[in-house]
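Chain by chain, the residues run as shown.
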Amino acid sequence: MRSLTDARDGASLRVHFERAARVLAFVALLAAWWLTGRPSASNAAANNEAVNTTDPARIAELVADPSRTSLHVNLRDVPNATSRAVLHAAREAGLSVAWRANEASPSLAPLAVSVSPLADPRGGMTVRVSAPDGSALSLADSLGWLDSAVVANGGVAWPLDGSTRELTVTNGATVARAKPLAISPVKRVRLFAAPGWEARFTMRALEDAGWSVDALFSIAPRVGVTAGEPSAPDTSRYAVVVALDSTAWPSAAAISTFVRNGGGLVLFPGAASGGALAGVRAGAVGAPSAGIPGSLALAAPREGLLMRPIAALHRDAVVLERSARPGNPVVMAARRVGSGRVLQVGWENSWEWRMLGGDEAVAQHRDWWRELLHRSARVSLVSGTEPWPLPGDAAPYADLVVRLGAPSNVLAGSEAFTMTPAPPSPWLFVVAALALLAEWWSRRLRGAP
Amino acid sequence: MECPMTHTSPFVFATAQYESGDWDSAPSLPGNLIDSVARYTSLPVAPQGVAVPLASDDALRYPLLFLTGHLPVRFTQKEGRVLQRYVARGGLLFIDDHNHDVDGAFHKTATAEIRRLIAPLVPLPNTHALYSAFFTFADGPPTTSHELNGWGDNLVHEQLLAVRAEDRIQVLYSNKDYSSEWNFHPDNKRFMGVDPTRFGVNLVVYALTH
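An account of the accompanying structure is given in this report.

Rules and cut-offs
Residues numbered from 1 in each chain as written. Chains lettered and ligands numbered in written order. Predicted model: local features only at pLDDT ≥ 70, side-chain atom pairs only at ≥ 80, totals over all residues. Helix = DSSP H or I, 4+ residues; strand = E, 2+ residues; numbered from the N terminus. Rg over C-alpha atoms; globule rule 2.2 N^0.38 Å. Buried ≥ 20, exposed ≤ 12 C-beta atoms within 10 Å, placed from the backbone. Contact = placed C-beta atoms within 7 Å. Pairing = 2+ DSSP bridges. Core = buried A, V, L, I, M, F, W, Y, C linked by C-beta atoms within 7 Å. Nonpolar A, V, L, I, M, F, W, Y, C, P; charged D, E, K, R; others polar. Axes fitted to C-alpha atoms, helices over the stretch in contact; angles between N-to-C directions.

### Comments concerning the overall build of chain B
Phase 1 of the analysis: What chain B contains, in helices and strands, is five helices and seven strands.
Phase 2 of the analysis: In chain B, the order of α-helices and β-strands from amino to carboxyl end is β-α-β-β-α-β-α-β-β-β-α-α.
Phase 3 of the analysis: Taking 17 Å as the expected radius of gyration for a compact globule of 210 residues, we find that chain B reaches 17 Å, a close match to that expectation.
Phase 4 of the analysis: Put simply, chain B has 210 residues, and 48% of those count as buried.

What follows is the structure in structure tokens.
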């Protein structure tokens, strides 16, 4: 038989056991709570370490690891579109993804490229690249290297001839790709002009630039001479109307409608003066100023031309060129009217530039006219074309930031790199549960409440 | 305050002066042609023509130049350079053989000079836009009474000669002696059944519109 003393000793042991079990459960729960608020160093070391790679296959492999809860990549250069998309998808799926520039290349090269098709019968495009000053850029297409340049003032612009094709711009290891939007062919110009040297040489310049010119010259009452097959301005036929003088006034309503429907208009002083085209012009026509003698063959040849500056600019007009003459009068301005663009020019008798200018005057005059039409002519995008090789390829660095956020400044390899806390071990809950169960069982056996 | 528009500058008929020959052998021609342009068309035209030295860059101010003579033509170096620039920039040079003689001194030397400085002259098709620029000349260049007057080669030249860039005339050359045909006294025009200067109007209109 057990003595009373033995019974008391047994009860005392049970009480100690129950207290120990309660403390154990409390400690286990405390540990679980602590682990919940603290990154798991061992887990980070095992699965979530900072990775030095931009290899698409390696990134895909890392992301595919089911045990991974976070990923930090040290980037040597901007990953390609596929890798960016993979990382972005993983991030959207719940994986914590962060990135920073590799210490060996502390600043990834920002780079963005845009390619705009030109309104030109011979095709062509303007490639504009934005990159930090001093960056050495290289431009190439599918056939090979085209040009290179060092960036100044934040960017570089390349005019390119030829048809639509994919272009690649490289800044260090960063590669941006873009392709111009396909446009319907632009060919025809409707010219309004009185017969004269300006009309003759305007046609020459435009035809030399590849445009087909339609015009109707009034030679005598009821007698006209046509160039091409002139008809009323219509966006289905013409990309741009060039109005040199008052012969445009009787067609002012049709020209205004043409512009509002998306056509381009180049207005010279003789056409812009008066009230007929006042609703679409960029400004009023100022007092004439004779050309500066001897300037036609110099560096600013247009200063040798008769000028009628653009005055009282419309509130939405944009100044594109000012003369070097006193007061810097405006000699070129543009504005949008409806869906179209109006370019107003203050120079007159540009043919004198072609005939009396320097050795390159013919090409300069032709290129000036090309530029006027580039700035004003209507282009129609061909629907259903894919603008980019892959989304984000035109600005890979910006795309990386958009997809993954700004770069992290935390040092690679530290524990803090694991962005998601590790879940507490389930064993801690098992221990706590068993300890509490044992305490409850012990208390029931000894009859305690 | 807005300025009223200026009108298109009037057309000025220009005759080329050159050192080697009698450039002024048809003194009444400019006035007769100016008169016809003013009568038949509404083109603004200066009432007086000008004579411009071919050795001067001033020649480039007149994109249509008329050149005639009887004597051998030898352009000076300066004249040659200006002429090359003139044509390259889009000017139209009209040369008329006042001798109407394919074996004459003017024809031989002038065509050789054009070949040396610019390009060989070749026949201009009689369907060219020049022949329908204002009046219609279905058979090509109109004949002149001077082609068969017993002087010169006594031939009716069926075609004019030209140097062209694509379809644009750079140099137009005539053996038809328009210099004599258009050089009449103005008072005699009323006695003519058909105005011989009508082709000259075509030339001016073509130059201003093509």
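### Some points on the overall build of chain A
Phase 1 of the analysis: Helices and strands together make up the secondary structure of chain A, namely 11 helices and 22 strands.
Phase 2 of the analysis: Here chain A, with 449 residues, has 39% of them falling under the buried criterion.
Phase 3 of the analysis: In chain A, once contacts between residues fewer than 6 apart in sequence are set aside, the share between residues at least 24 apart is 66%.

### Focus: the pairing of strand β6 (residues 136-141) of chain A
Residues and elements named next belong to chain A.
Phase 1 of the analysis: Taken together, the six bridges between β6 and strand β7 (residues 144-150) define a ladder with antiparallel strand orientation. For S138, the partnering residue across the bridge sits in β7 and is S148.
Phase 2 of the analysis: Taken together, β6 and the strand that follows it, β7, pair antiparallel across an intervening segment of two residues.
Phase 3 of the analysis: Pairing geometry for β6 and strand β9 (residues 167-171), over five bridges, is antiparallel. Note that in β9 the partner of L139 across the bridge is V169.

### What to know about the nonpolar core
Phase 1 of the analysis: Ranked by internal contacts, the top residues of the largest apolar core, which has 156 residues, are V240, A243, L265 and L267 of chain A together with L65 and F94 of chain B.
Phase 2 of the analysis: The greatest single-element share of this core, amounting to eight residues, is contributed by helix α5 (residues 198-209) of chain B.
Phase 3 of the analysis: Excluding anything up to four places from it in sequence, L265 of chain A contacts V240, V241, A243, I255, V259, V280, G340, V342 and S376 of chain A.
Phase 4 of the analysis: Counting residues in hydrophobic clusters, the runner-up holds five residues, among them A25, A28, A432 and A435 of chain A.

### Quick word on the interface of chain A and chain B
In many reports, interface size means the accessible area that the parts give up when they come together.
Phase 1 of the analysis: With 32 residues of chain A at the contact, the number on the chain B side is 25 residues.
Phase 2 of the analysis: Among the secondary structure elements, those contributing two or more residues to the side of chain A that touches chain B are α5 (197-208), β12 (212-220), β13 (223-227), α7 (269-272), β16 (284-285), α8 (351-356) and α9 (361-376) of chain A.
Phase 3 of the analysis: No other element matches α5 of chain A, which puts five residues into the side of chain A that touches chain B.
Phase 4 of the analysis: Tallied by class, residues from the side of chain A that touches chain B come to 20 nonpolar, seven polar and five charged.

### Structural notes on the sheet that holds strand β20 (residues 330-337) of chain A
Residues and elements named next belong to chain A.
Phase 1 of the analysis: Spatial strand order, β13-β12-β11-β14-β15-β21-β20-β19: eight strands in an open sheet with mixed pairing. Two strands lie at the open edges of the sheet, namely β13 and β19 (318-322), each paired on one side alone. Neighbouring strand axes in the sheet, compared pairwise and without regard to direction, differ in orientation by 15 degrees on average.
Phase 2 of the analysis: Relative to strand β21 (residues 340-345), α9 is tilted by about 145 degrees, and along the sheet it contacts β14 (240-243), β15 (264-267), β20 and β21.

### A look at the sheet that holds strand β5 (residues 122-123) of chain B
Residue and element names in this part refer to chain B.
Phase 1 of the analysis: With respect to topology, seven strands assemble into an open sheet ordered β2-β1-β3-β4-β7-β6-β5, the strand pairing being mixed. Either end of the sheet is taken by a strand with one partner, and the two such strands are β2 (50-53) and β5.
Phase 2 of the analysis: Bridge count between strand β3 (residues 64-69) and strand β4 (residues 92-97): six bridges; the pairing is parallel. Paired with T68 across the bridge in β4 is D96.

### What to know about the environment of N261 of chain A
Residue and element names in this part refer to chain A.
Phase 1 of the analysis: Among the structural elements, N261 can be located in the loop between α6 (252-260) and β15.
Phase 2 of the analysis: In this structure the C-alpha to C-alpha distance between N261 and R378, which are 117 residues apart in sequence, comes to 9.8 Å.
Phase 3 of the analysis: Beyond its immediate stretch of four places on either side in the chain, N261 contacts T235, G338, S339 and G340.

In short, shape yes, function no, at least from these values alone.
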